[in-house]
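So you can see what is in the structure, the chains are spelled out below.
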Amino acid sequence: MDENGATPDVEDSGLHDKLPISGLYESWFLDYASYVILERAVPAVEDGLKPVQRRIMHALNEMDDGRFNKVANVVGSSMQYHPHGDASIYDAIVNIGQKELLFDTQGNWGDIRTGDGAAAARYIEVRLSRFAKEIVFNDDTTEWQLSYDGRKREPVTLPVKFPLLLSLGVEGIAVGLSTKILPHNFCELIEASISILQGKEATIYPDFLTGGQIDISNYNDGHRGGKVRVRARIEEEDKKMLVIRDIPFGTTTTSIIDSIIKANDTGKIKIRKVVDNTAAEVEIQVHLAPGVSPDITMDALYAFTECEVSISPNACIIIADKPHFVGVTEILKYNTGQTVHLLQRELEIKRLALLEKILYGSLEKIFIENRIYRNIEECETFEAVIRTIDKGLEPYKPQFYREITDEDIVELTEIKIKRISKYDGYKADELMKKWQEELAETEDNLVHITRFAIEYYKDLLKKYGKGRGRKTEIRAFNQISANIVAANNQKLYVNRAEGFIGYGLKKDEFVTDCSDIDDIIVFKSDGRCLVTKIQEKVFVGKDIIHCAVFVKNDERMVYNLVYLDGKTGVSYIKRCQITAVTRDREYDLTQGTPKSKITYFTANENGEAEIIAVSLSAQSKAKVKQFDFNFADLLIKNRSAMGNILTKYPVRKIILKQAGRSTLGGVDMWFDPIIGRLNRDERGEYLGNFGPSDSILVIYKEGSYELTNFDLTNHYVSNEVVLVKKFDPKMAITALYYDGGQKNHFIKRFNIETSTRDKKFLFISDAKNSKLLLASTDKRPRLEVILPKTATREQSKEEYVIEEMVDVRGWRAMGNKLPNDKFKDVRWLEPLPEPEEEAVIAEVPNEDVSDEDSATEDVGGEEIATEEVAYGDIKEAEAAEQEDSAGDISPADDKAKPETGDAKSDTKPKKEPKKRKDEKNQLGLF
C-alpha cells in the first residue's frame, strides 16, 4: 500500500517484470523448505542437536556458575541467539530436561509417564549436568558463527564427544520429510562405540525411559521402512485383576486408560473398572468381569488398546548441510569417529600448551639463573632491552622447539623483582619435570589415539553409567489374532428361509455369541458356502442350513455332508475342511450341477465322525433299502473334492444314528520359551500329543505349581516359570529349594495329587525369603553341587543321585536337607538311564498299540467304494458287495473322473516329531 492506504498497480510498481509469480513460488518455497529442514526440524549429525537445542545449551554454558537458573532466565538468554518466540524455547528445555541426561533440574518438570506438563518457566530451575559439561563443550574445538542479529557469536555445532543423538532420540517434521530416531541405552551406546574402535561389529536397539517390552525383529537398523512393536508390561495379579507396570514409549497412563475404557465400551474387552495407582512407579489396575479369562484379556489389551503400539523409525539427519537417510549403526560409527577426531584435537592443543609452558619455564629459568636481567640495567631504550635479552638467550636457543620471538622476551621483562628474588630452582625443575611427563603421556596418547579413545569411553561408563541400565526388555512378540481375543459383544441371528444373518435380527433365530469383528461362514441347501463379515443385517442367500463364526486355518473343524447331484441323481458323501477363503465369494461343495442339494450336513469342531442311517425310497430297485454308514471310513479332503458315492438310488431320508468320536487324534503342542506361548508350529520345546483331558504342568520360580489347559492364548512368562511340561499323574517332580525359616536347602520328590486347574499350589515353605532353585521331571535325576574354595580345601564338585537321597512323597512334604548347604553353584546333570527291565516293559504296549493303530489306519484310511446294496444286514452286505461294486467309484476310478476342485486336495498327515511316531493315537481320543 502507498502512504494513503491504496494498493499500487502491479505494472506501475515494476514487480511484474522483476518477479513473476512462478518464480516467486519456486524460489520462496525452496528457501522456506531448506530453512525449516536445516534450521528447525532436523538435527545435525555432529552434535545430534536441533538449532534451538544447541542455542539453549550454549546459553546455559554462558550462564553457568554452578548454581541453578530459572528457566525463564534461560529462555531469555537463549532468545539472544534463537530468532523465535519463548514458547518454542521453553518446550525444548522441558523436552531435554525430561530425558535426565544433560540437565540437572529442580521443581516440577512434569511426568512423561502420566502426561503431566511442567510448571511455568518462572517456577522451575535448571543447570548443566556434570556429564554435559564434560562431553559437550570445548571453546578451543568449537567452530563459531555470528548470531542472527550479528551481536553475538554462537557455535555452528557443539564438539560433542558422545553419540548424543542416539541417546536422546529425536522427532521432527519438516517440509517434505520427517525424522524419527528412537532413544537408545546410554551404556549400550558406549559399549558399542568401544566395539567399533576395536574393529568389531556393533548392534544397538532402542531403550525407553518408560520401560515396557520391545520386539526389534523388524527394526531394520532404524532405516525407513523398519518397525518396532512396543508393549506395556502387564502382570496377572490374580484371576480377577491385571496390573500394568510399564507403558509403551509415546503413550501416557491417561491415554492408556482412555483406550481401555473405549475398548470396553465398544465390547472388545470385558472389565469391571480401571484404577490408576501410579505414583513413583506406574500401576494401572484392570479389574476383570466375572468369568473372563485373564490371559485372553491380556491379549485383547494388546490388540485393542494402547498397551501395544507400533513405531516406525525414520533416521534422517543433516550431513554437510543436506538431509540424509541413514541407519543408526552408521550414525554411531560417525559419532565414534568424530569423538576420536575431537579427542585428537584436544590432545594436540594440550601438547602445544605443554610445549609453550616448557618453553617459557625454560626461558624464565635461563633468564633468572644466568642473571640476564642484570645486563639490561644500562640499556636506555626498550628496544635495547629486547636486544640485550635476546643476545643473552642466544646460546640456549637450539634446545627450544621453535624460534624465540620478541613477544616471548617481552614476557620475561614483565617478571617482577619479587618473583626473581624468591625464585626456587628446585621447584622450577620439579614443575618442568611434571610438564615433561605430561607431554610424553600426551604424545603417547596421540600415537595410540584409538587406545586413548577406548579408555575415554570406559571412563565415561564408569563415572556416569551407574543407574543407566536397560529399562525396556527386548523380546519376541507373538502375533495376536483380534478375532480370537475379542470379547463376544454381539449375538448372531439368522433368518434361514429369507437368507438374512446379522446381530440386528433380534426377532429371528439366535445362533451364537460373537464379536463385531468376527467373520461368519454360511452353508446353504444348494451346496454353496461363503464367508462374510458380521453386520447388523446382510443377505447371504435363501435356505440356510448352517451358519457359525469362521476361524481361519482351523484344521480341526470338519464338515460331514451328503449331497444329491442334480445331473445324475447319485448321492455323494464327503468330509472336508475349509481353512482359508476369500471373503464374500461363494464356493460350491457339490459338483456345481443345477438342482444339486445337500441332504445331510454336520459341522464338527474336533473332526468327529458320526454314523448315519440311510433310508432309500420305497420305489427304488435296491435290494437293501436301509443301511448305516460311518463317516470315519472316509478321508478328510478339501472343499472342492467330489467325494464318494453313497448310493445311486433315490434317498428318502438320512438321520443321525450314533454320535462319533474324533478321527483326528490328539494335538501336538510345542512351548516357545522366548515368547512364553504354546504353539502348533513346531517352535521351541515339544511337549507332546494332547487329548481333551490332558493338562499342562507349570512350575513357577516362587515355588508353586499349576495345572492349565493347552489353549494357545495361555501366557507363561519366561522369567517367572521354571519349566512347562505335559502333565502325567505318574510323573515325579524333583525340586531343590531354600527354606527361609530354617535357613537350609532341601531336596524333595513328589507326585501331584491335585486335579484342580488354574489354581496355584505352593509346594515349598511359605517362610520369608524361601525360594525355588531347581525343578525337574526326569525319572532318575542327578545333581551337581559346586563347593566354594575355603582355607582348608580347593573348589570341588559333588554329584548326587536324587533317588538315593529322598523318596517320592506327597507335594506337601518338606523333603530332606541337602548334605552340603554352603555351595557356590548347583545344576542338573544328565539323568541316569532307566533300568533295562522297565524299558522293555514300556515298549511292549507301545508296539501293540502301534500295530492296532496301523491296522485301524489302514481300514479307516481306505477310501471305501460305497454301494447301497453293500449296507444293511452285514451278511447280506458281504454277499452283495462284489455283485454291485461295479457301479461305485473306487479310489482308482476317482482319479479318472473329473472333480470340481484340485485332485491333490487330500488332507495330508502332518509331519510327526520323532519321539511321537510310535505314540500317535489314531483310534479317536475325543
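Everything numeric in this text was worked out from a predicted model, so none of it was measured.

1. Details of the overall build of the protein chain
Right, on to step 1. Summing up its helical and strand segments, the protein chain has 22 helices and 48 strands in all.
Right, on to step 2. Going through the 926 residues of the protein chain one by one, you find that 46% of them count as buried.
Right, on to step 3. Sequence separation of 24 or more characterises 68% of the internal contacts of the protein chain that already satisfy a separation of 6 or more.
Right, on to step 4. If you sum the accessible surface of the protein chain, you get close to 48500 Å²; carbon and sulfur atoms cover 48% of it.

2. Side note on the packing of aromatic side chains
Right, on to step 1. This structure, assessed with the given rule, holds 25 aromatic pairs.
Right, on to step 2. Aromatic pair phenylalanine 500 and phenylalanine 539: ring centres 5.3 Å apart, planes at 65 degrees, arrangement edge-to-face. Of the two residues, phenylalanine 500 is situated in strand β19 (residues 500-502) and phenylalanine 539 in strand β23 (residues 538-539); the sequence distance between them amounts to 39 residues.
Right, on to step 3. By relative accessible area, which is 22% here, phenylalanine 500 ends up partly exposed.

3. What about the pattern of salt bridges?
Right, on to step 1. Here the structure, examined in full by the defined rule, presents 45 salt bridges.
Right, on to step 2. For the salt bridge of lysine 365 with aspartate 429, the shortest nitrogen-to-oxygen distance reads 2.4 Å. Taken together, the residues lysine 365 in helix α12 (residues 328-369) and aspartate 429 in helix α16 (residues 425-447) connect sequence positions 64 residues apart.
Right, on to step 3. Aspartate 429 sits in the partly exposed class, given a relative accessible area of 33%.
Right, on to step 4. One connected set of salt bridges, linked through shared partners, spans Arg233, Glu235, Glu237, Arg245, Asp246 and Glu283.

4. Regarding the nonpolar core
Right, on to step 1. Counting residues in each nonpolar core, the largest one holds 50 residues, and the members touching the most others are Met57, Leu102 and Phe103.
Right, on to step 2. At 7 residues, the largest contribution of residues to this core is made by helix α17 (residues 449-464).
Right, on to step 3. With residues near it in sequence (within four places) discarded, leucine 102 still touches Met57, Ile96, Arg127, Leu128, Ser129, Phe131, Ala132, Val136, Leu164 and Leu168.
Right, on to step 4. Within the second largest apolar cluster, 25 residues are counted, among which are Leu182, Leu189, Ala192 and Ile331.

5. Some details on the side chain of serine 770
Right, on to step 1. By secondary structure assignment, the location of serine 770 is in the loop between β42 (761-762) and β43 (771-776).
Right, on to step 2. A polar side-chain atom of serine 770 sits 2.8 Å from the main-chain amide nitrogen of glycine 740.
Right, on to step 3. When sequence neighbours within four positions are dropped, the list of residues in contact with serine 770 reads Tyr738, Asp739, Gly740, Gly741, Ile764 and Ser765.

6. Digging into the packing of α16 against α17
Right, on to step 1. Taken N-terminus to C-terminus, the directions of α16 and α17 make an angle of 100 degrees; their axes are 5 Å apart at the nearest point. Classified by the interaxial angle, the pair formed by α16 and α17 is roughly perpendicular. Facing α16, whose interface residues are Asp444, Asn445, Leu446 and Val447, α17 presents Ile449, Arg451 and Phe452.
Right, on to step 2. Looking at the contact of α16 with α17, its residues break down into 4 nonpolar, 1 polar and 2 charged.

7. Points about the sheet that holds strand β35 (residues 677-679)
To summarise the sheet geometry, strands pair through backbone hydrogen bonds and adopt either a parallel or an antiparallel arrangement.
Right, on to step 1. One open sheet holds the 3 strands; their spatial order is β35-β34-β36, and the pairing between them is antiparallel. The open sheet terminates on both sides in strands that have one partner only, identified here as β35 and β36 (685-690). Each strand of the sheet is rotated relative to its neighbour by a mean of 30 degrees, with strand direction disregarded.
Right, on to step 2. Looking at chain direction, strand β34 (residues 667-672) and β36 are connected through 5 bridges and run antiparallel. When the sheet's bridge partners are listed, aspartate 668 is paired in β36 with asparagine 689.

8. Section: the sheet that holds strand β21 (residues 519-524)
Right, on to step 1. Spatial strand order, β24-β21-β22-β27: 4 strands in an open sheet with antiparallel pairing. Strands at the two margins of the open sheet, each flanked by one partner only, are β24 (544-550) and β27 (587-588).
Right, on to step 2. Bridge analysis of strand β22 (residues 528-533) against β27 gives 2 bridges, and the strand direction is antiparallel. What sits directly across from cysteine 529, in β27, is tyrosine 587.

9. A look at the side chain of arginine 556
Right, on to step 1. Tracing the backbone shows arginine 556 in the loop between β24 and β25 (558-564).
Right, on to step 2. One buried charged residue, arginine 556, remains without a salt bridge, the closest side chain of opposite sign being aspartate 554 at 6.4 Å.
Right, on to step 3. Here asparagine 606 takes part through its side chain, which lies 2.6 Å from a polar atom of the side chain of arginine 556.

10. Examining the confidence of the model for the protein chain
Right, on to step 1. Per-residue pLDDT for the protein chain averages 82, and the proportion of residues at 70 or more is 87%.
Right, on to step 2. pLDDT under 50 marks residues 1-17. Its contacts with residues more than four places away, or in other chains, come to 6 contacts.
Right, on to step 3. Within the model, pLDDT remains below 50 along residues 838-926, and this stretch shows 129 contacts once partners closer than five positions in the same chain are excluded.

11. Considering α16
Right, on to step 1. Here α16 is 23 residues long and its end C-alpha atoms lie 33 Å apart, about the 33 Å a rise of 1.5 Å per residue gives.
Right, on to step 2. Those residues of α16 that fall on the buried side of the exposure criterion are Gly425, Ala428, Met432, Trp435, Leu439, Thr442, Asn445 and Leu446.
Right, on to step 3. Of the surrounding elements, those touching the buried residues of α16 are α12 and α17.

12. Regarding unusual backbone geometry
Right, on to step 1. The backbone phi angle of aspartate 321 is positive, close to 65 degrees, even though this residue is not glycine.
Right, on to step 2. Within the fold, aspartate 321 resides in the loop between β15 (316-319) and β16 (322-325).
Right, on to step 3. Phi at asparagine 553 takes a positive value of approximately 60 degrees, unusual for a residue other than glycine.
Right, on to step 4. Relative to the assigned elements, asparagine 553 resides in the loop between β24 and β25.

13. Some thoughts on the pairing of strand β6 (residues 170-173)
Right, on to step 1. The side-chain alternation of β6 yields one buried face, formed by Val170 and Gly172, and one unburied face, formed by Glu171 and Ile173.
Right, on to step 2. Examined bridge by bridge, β6 and strand β7 (residues 178-181) share 4 bridges and lie antiparallel to one another. Looking at the pairing, glutamate 171 lines up with lysine 180 of β7.

Parameters and conventions
Every chain is numbered on its own, with residues counted from 1 as its sequence reads. In view of the model being predicted, local features appear only for residues whose pLDDT reaches at least 70, and side-chain atom pairs are presented and counted only at 80 or more, with totals across whole chains, interfaces and linings using the full set of residues. Processing note: side-chain calculations cover all non-hydrogen atoms of the structure and skip hydrogens and water entirely. Where helices and strands are cited, they refer to DSSP runs of H or I of at least four residues and of E of at least two residues respectively, numbered from the N terminus. Exposure categories follow from relative accessible area, calculated using a 1.4 Å probe and restricted to protein chains: below 20% of the type maximum is buried, above 50% is exposed, and the middle band is partly exposed. Only heavy atoms matter for contacts: two residues are in contact if any of them lie within 4.5 Å across the pair. Residue-level accessible areas treat just the shown protein chains as cover; the underlying method is Shrake-Rupley with a 1.4 Å probe. Each Phe, Tyr or Trp ring (for Trp, its six-membered ring) is paired with any other whose centre lies within 6.5 Å, and the angle between the two planes then decides the class: stacked below 30 degrees, edge-to-face above 60, tilted in between. Salt bridge criterion: a side-chain nitrogen from Lys or Arg within 4 Å of a carboxyl oxygen from Asp or Glu. Here, the term nonpolar core denotes a set of buried Ala, Val, Leu, Ile, Met, Phe, Trp, Tyr and Cys residues that are joined through side-chain atoms within 4.5 Å. By the criterion applied in these results, polar contacts are pairs of N or O atoms within 3.5 Å in which, for protein atoms, one can donate a hydrogen and the other can accept it, and in which residues neighboring in sequence qualify only through two side-chain atoms. Axis angles are defined between N-to-C directions and span 0 to 180 degrees, where every axis is a line fitted to C-alpha atoms and, for a helix, only to the segment in contact. Angle categories are assigned with fixed cut-offs, so that under 35 degrees is roughly parallel, over 145 is roughly antiparallel, 65 to 115 is roughly perpendicular, and the rest are oblique. By the convention adopted, Pro, Cys, Tyr, Trp, Phe, Met, Ile, Leu, Val and Ala count as nonpolar, Lys, Arg, Asp and Glu as charged, and the other residues, Gly among them, as polar. Strands pair, by our definition, only if DSSP identifies at least two bridges between them. Counted as positive: Lys and Arg. Counted as negative: Asp and Glu. His and the chain ends are not counted at all. pLDDT measures how confident the predictor is about each residue, on a scale from 0 to 100. An expected span of 1.5 Å times one less than the residue number is assigned to each helix.

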